[in-house]
Amino acid sequence: MADNQSANIQVLLSALNVFTRAPDKTSLENANSWLQDFQHSPEAWSTCNVLLLSPDAPPAAKLFAAQTFRSKVTYDLHQVDPSNLLPLRDTLVTALERYQSGPKTIITQLCLALSGLALQLPAWDNALQSIVETFGANPVTVPVLLQFLTILPEEVSGNTRIPVTDDEYRERSTKLLSDNSEQVLELLSMYLQATGVTHVVQSQIFDCLRSWLVAGEIDMPAFGKSPLLAFAFEALASEELFDSAVDVVCEMIHETQEIDDNMPVIELIVPRVIALKSQLEDKKDDPEKIRGYAKIFAEAGETYRLLILQHTDTFYPIVEAIGQCSAYPDLDIVPITFPFWMRLAQTIGKKTTISPLFGEAYKALMAVVIRHLHFPPDLASITGQEADNFRSFRHVMGDTLKDCCLVLGADACLLSAYGLITMALSRSPQSISWQEIEAPLFAMRSMGAEVDVMDETAVPKIMDLIPSLPIHPRVRYAALLIISRYTEWINRHPDYIAYQLQYISAGFEDPDSEVSAAAGQALKYLCQDCKQHLIEFLPTLHTFLTTTGAKLAQDDRRQVYEAIAYVISAMSMEKAAESLRTFSLDILSQIHAISSKTTAVTKQELKEVGYGLENLEVMLHVVGPFGDQLPAACQNSCQEAWSIFDTFISKFAFDYDTSERVTRVLRHGITLFGESALSVASSVLSRMVTSFEATGFSSFLWISGKFVGRFGHESDPVLRNAFQNIYERATNKVVSLLQSKDPRDIPDVLEDYVQLLLQLIRMAPDVFFQSSAFPLAFRATMAALTLIHSDLVFASLDLFRDILTHESLTPSSSPPPKFPIYSSAIKAVMEKEGFELPEDSTAIVVTIFRAVALLWSTQLVAWLPPILQQLPPSSAPNQVKRQFLLDVTNSLNTAQYDKVKYSILALHRASRKARDRRRVTPLNQA
C-alpha cells in the first residue's frame, strides 16, 4: 500500500513538473489528463494528505493537494466511509493550522473544502463555532478565520455542484449561516475595534461582511445597531480601506431594498450617503475615488428611487450627486449612473405628477450626454481600439437619451438637440466645429425610436435642416442615419421623399466609404418603409444603378438592389414581374457574357459576376414568390435563366465562392418559380451531381436537397431517375472522400449530404431504400456521428431515427406493397453494420435506442461492451458504464424496453457531471 502511494506521488510530481517547463502541447495535455483522472480516484485522498503535510513537497504539489481536497469534497465524498468523515474534517483543520501563515492560495482551497464538507456533514453540528474556537483566539490565526468566514457563505450559497437535496440544503444553510449571522456580526465588530488591528485585517473584515451581506444572511435591523455600519462609512476616508468600504456600503444599501421593513436602518444610511456629496468636488482629480462614490450614489438612487419621488426634499441631493457623477469627464465612470436614470425614468412614467426638479435633472442629463457624445477634437490622437470603444459607448449613451424622452417627451428632447445645432450654425462657419453639429445629430438618431410618426412639431424642422448642414463626412454620415431612422415618419410625410433621395444620392458620391455605406442603408430603409410612394421613382433608381452603380463598393451596391426590391414588392403582380425581369436581365446578361467569353476570365471579372449573383439573390429574397400562377413576364423566365446558369456552372463550378453564390440564387429560384421549376429540375440535379463529383463542394449537395424537398412527391419517371442518379453518384463521391480524408476535414460536405438523405427518405423512400447506395449511405452517416458538430450530429440522428422507426418495420396484416422491401433493406444494413451512438443528443438517442432494443435486442447486447469501452473515464466513469450495461441487459432480458430510456438518462447525467468537473479548474494553474 505504502509502495503504491509512493509510486503515485512520484508520477504526480512528474506530471506537475511538466508545467514548470515549456514542453509540447501533447505533453501538457497528457499531464493535465493524468492529473484530472488521478483526482477522480479514491487513492487521491490519502496521497494528497501525505503531500499536503509533507514539509519536503514542492509548492505546486501542495497547492494541487489542497485543490484536490476541495474537488473531492464537492464530487467524491461518497468515496469516504461515513465513519471517516469527521476524521477527514480533523485532517483539513490540521492542514489549515499548518498553513496558517500561508500561502493564501492553499488557505483558500482548504477553506473551500471545509465549507463544502460542513454543508454535507450534519454530524458536524457546530461547524462555524468550532472553527472560531480553533482560530479566533490567537491574533496570528484570526486572518485564517476571517478567510473561512468569508468563503463559507459564498460556497454554501454559490456552489451548486455540491450534491445535497433541497431539504438538506435548507436545513444545513440555516444551521451554518442564518443561525450564526448575529454571532458573526459581533465577532467582526470585536475584531474591527481590537487594539492594534491592522488595515489588512480591517480589509478582511469588510470583505467578510460583504460576503454575508451578498448571501442575504445579515439581519438589517440588527446590523443597524452594530458599530459596523458607522465603521464602513468612516473607512471611506482611509486610502487602504476605501475599495472594501465602497463594496460594503453598496451591499448594505442593496440589502435595505425592502423599504418598509428597513426604514430605521435607511434613516441611518441616507444622511451618511448625502454627506459624501461634498467629496465629489474635493476628490474630483482622483478618478478612482469618484468611481467609488458613483457606485454608492447610484446604488442608493436605484434602491431608494420610490423614496426619492415620495420625499423629494430629503432625497433629492442623491439625484444631484448622481448628476455630478454623470457629468464627470471620465467615460469609464459615467455609465455607472445609467441604470439609475433608466429605472427612475420608468418609475416616473407611472406617476401622474412629479416634482419639477426631476424635469430639470433630466434636462441637465441630456445636455451632459450630448456633450459626452462629442468626438475628440483630434481623432488622430486616439487609437483605433479607443475609437471603436467610444463608438460603442455612444450607443449606450443613446439609450440614456431615450430615458430623457420618457420623462421630458420626445418633442422637447428633439427640439433641444435641434436648438444646439441652430445655435452653432448661427455663428460664422470658421468658428463651428463639426463635432458640435454631429453630436446633436447622433442624439436625434438615438431618440428616433421614441418619435411619433404623426409628429408635426420637431421632426419637420429636423428634416428641413438636413439639406443645409455643413458638408463634412461625419456630419453627412450622421444625417443619413437620421433619414434611416425616421423613414416611418417620412412615409406619413411623402413630400420629403424627393429631397431625401437627393441627399442620399449625394452621399453615394462621397469619397468616404462610411458615408457611402450610410447612404445605402438610408436608401434601403426609405424604400422599405416608403415603398408605395417610391414606385414612381423606380426608373430613376434604375438609371442610377446603370450609371453610378458600377462605382459603388459592393456592400453599398447590394443595399441599393435590396432597396429597389422593396419597391418592386409593393407593385402590382404584373408590373412587379416586369420590373424584376428588367433588373435581373442586367445581371443575367453579365453572367451570359462571361460564360460566352472565349479568352481567359480574370479573377476580377469573376468577382464582379459574383457580386451580381449576390445582388440577384438579395432581390429575389425580398421580392419573394408570385404564387401558383406566374405573371406573363415570368412565363418562360425559368428555362431562359437556367440555360444561362447551366452554361455558367459548367465553366466555373471549380471556383468555391462562385459555387456558393450561384446555388443560393438557385434556392431563391425554386421559391420564385414554384411548380414552373419542375421543367428544369432533372437538368439542375444532373448538373449539380456532375459538379459535386468534379469539385467536392458541398453547396451542390445543399441545393440538390432543396430540389428533392420541393419536388420529391412528383411521380415523373425522369425526375425519379434523377433522384436516384444524384443519390448514388453523390454517395459514391462522399465514400471516396472519406477514404482519402478524415471526417473532420469535410464537415460541410457531410452535413449537406445527410440533409440530402433526409429529404430522400422523407420524400422518396422508394429511391432511398431500394438503391444499392443505401448501405453506403448508412455507413457514411455513421462517420458523421464521430464529429463534434451539433448540427451535423442532430441531422444524422434524425436520419437514423427515420430509418429505425420507419413504418415498414411495424408488423401489419396488409402493408403497402413496397414496405417489405424497405424492411428487408433496413434489417440487412443493421445486421451488417451494427450501430454506435454519440454520448449527447439525449432525446433522439432514447428514441433510436428503444427502436434498436425492440428489434435487435440480442445484437444490442453484443454491440454495447466494445462501444462503452471506447468512452474514456473522463466522459463516463467505469462504474457508471458497468451499471449502464447491467441496466440495459436487465431491461432487454425482461422485455421492458421502455426502461432503456432511464438507463440512457442516467448515463447522460453521469457523463455530463464528469465533463463539468473537468472544466472547473485548469490544472496547469496549479
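Above this text you will find the structure in question.
Residues numbered from 1 in each chain as written. Predicted model: local features only at pLDDT ≥ 70, side-chain atom pairs only at ≥ 80, totals over all residues. Heavy atoms only, no water.

1. Here's the deal with helix α9 (residues 166-176)
- The complete set of buried residues in α9 reads Arg172, Ser173 and Leu176. On an axial view of α9, the arc spanned by its buried residues comes to 100 degrees, and they lie on one face. Turned more than 90 degrees from where α9 packs its buried face, Asp166, Asp167 and Glu171 sit exposed. (Buried < 20%, exposed > 50% of the residue type's maximum accessible area, 1.4 Å probe, protein only. Helix = DSSP H or I, 4+ residues; strand = E, 2+ residues; numbered from the N terminus. Arc of directions from axis to C-beta.)

2. Some points on a negative patch on the surface
- Taken together, the side chains of Glu154, Asp207, Asp243 and Asp247 make up a negatively charged region of the molecular surface.
- Of the residues examined, Glu154 reaches a relative accessible area of 43% and is grouped as partly exposed. (Patch = residues over 30% accessible without salt bridge, like charges linked within 9 Å, V, L, I, M, F, W, Y side chains within 5 Å. Areas by Shrake-Rupley, 256 points an atom, 1.4 Å probe, with all protein chains shown as cover. Salt bridge = Lys/Arg side-chain N within 4 Å of Asp/Glu carboxyl O. Lys, Arg positive; Asp, Glu negative; His and termini not counted. Charge placed at Lys NZ, Arg CZ, Asp CG, Glu CD.)

3. So, the environment of Val459
- In this structure, Val459 sits in helix α25 (residues 459-465).
- The residues contacting Val459, other than those within four sequence positions of it, are Leu414, Val451, Tyr486 and Trp489. (Contact = heavy atoms within 4.5 Å.)

4. Structural notes on the packing of aromatic side chains
- Inspection of every chain in the model, using the stated rule, returns 21 aromatic pairs.
- Relative to Phe768, the ring of Tyr727 has its centre 5.5 Å away and its plane inclined at 15 degrees; by these criteria the two rings are stacked. Highlighted residues: Tyr727 in helix α39 (residues 717-740) and Phe768 in helix α41 (residues 765-770), separated in sequence by 41 residues.
- On the accessibility criterion, Phe768 (1% relative accessible area) is buried.
- These aromatic residues form a ring-pair network of at least three members: Tyr727, Phe768, Phe769, Phe774, Phe778 and Phe800.
- Lying across the ring of Phe242, Lys289 places its NZ or CZ 4.9 Å from the centre. (Phe/Tyr/Trp six-rings, centres within 6.5 Å; stacked < 30°, edge-to-face > 60°. Lys NZ or Arg CZ within 6 Å of the ring centre and 35° of its normal.)

5. What to know about unusual backbone geometry
- Backbone torsion omega between Gly102 and Pro103 reads 0 degrees, so that peptide bond is classified as cis.
- Note on placement: Pro103 falls in the loop between α5 (85-98) and α6 (104-120).

6. Comments concerning the side chain of Asp766
- Topologically, Asp766 is positioned in helix α41.
- Here the side chain of Asp766 touches Arg720 through a polar contact of 2.8 Å, side chain to side chain. (Polar contact = N/O pair within 3.5 Å; in protein donor to acceptor, adjacent residues only side chain to side chain.)

7. Here we look at the nonpolar core
- Met252, Tyr304, Met444, Phe645, Leu760 and Phe768 are the most contacted members of the largest nonpolar core, which totals 309 residues.
- The greatest single-element share of this core, amounting to 10 residues, is contributed by α6.
- With residues up to four places along the chain from it excluded, the contact list for Phe645 reads Leu588, Ile591, Leu613, Leu616, Val662, Val665 and Leu666. (Core = buried A, V, L, I, M, F, W, Y, C linked by side-chain atoms within 4.5 Å.)

8. Here we look at the pattern of salt bridges
- Following the criterion strictly, the structure yields 33 salt bridges and no others.
- Where Arg210 meets Glu251, a salt bridge forms, and the shortest distance between an N and an O atom there is 3.9 Å. Of the two residues, Arg210 is situated in helix α11 (residues 199-214) and Glu251 in helix α14 (residues 242-254); the sequence distance between them amounts to 41 residues.
- According to the relative accessible area criterion, Glu251 is buried, its value standing at 17%.
- The salt bridge involving Arg394 is made with Glu438; its shortest N-O contact spans 2.5 Å. Linking Arg394 in helix α22 (residues 384-408) with Glu438 in helix α24 (residues 434-446), this pair joins segments that are 44 residues apart in sequence. Each of the two residues, Arg394 as well as Glu438, counts as buried.
- One network of salt bridges, with partners in common, ties together Asp555, Arg558, Glu614 and Arg661.

9. Structural notes on the environment of His374
- Looking at the element boundaries, His374 is found in the loop between α21 (356-372) and α22.
- Since its relative accessible area comes to 29%, His374 is described here as partly exposed.
- Residues His374 and Phe442, spaced 68 residues apart in sequence, show a C-alpha to C-alpha distance of 9.5 Å.
- For His374, the residues in contact, after removing those within four places along its chain, are Phe390, Gln435, Glu436 and Ala439.

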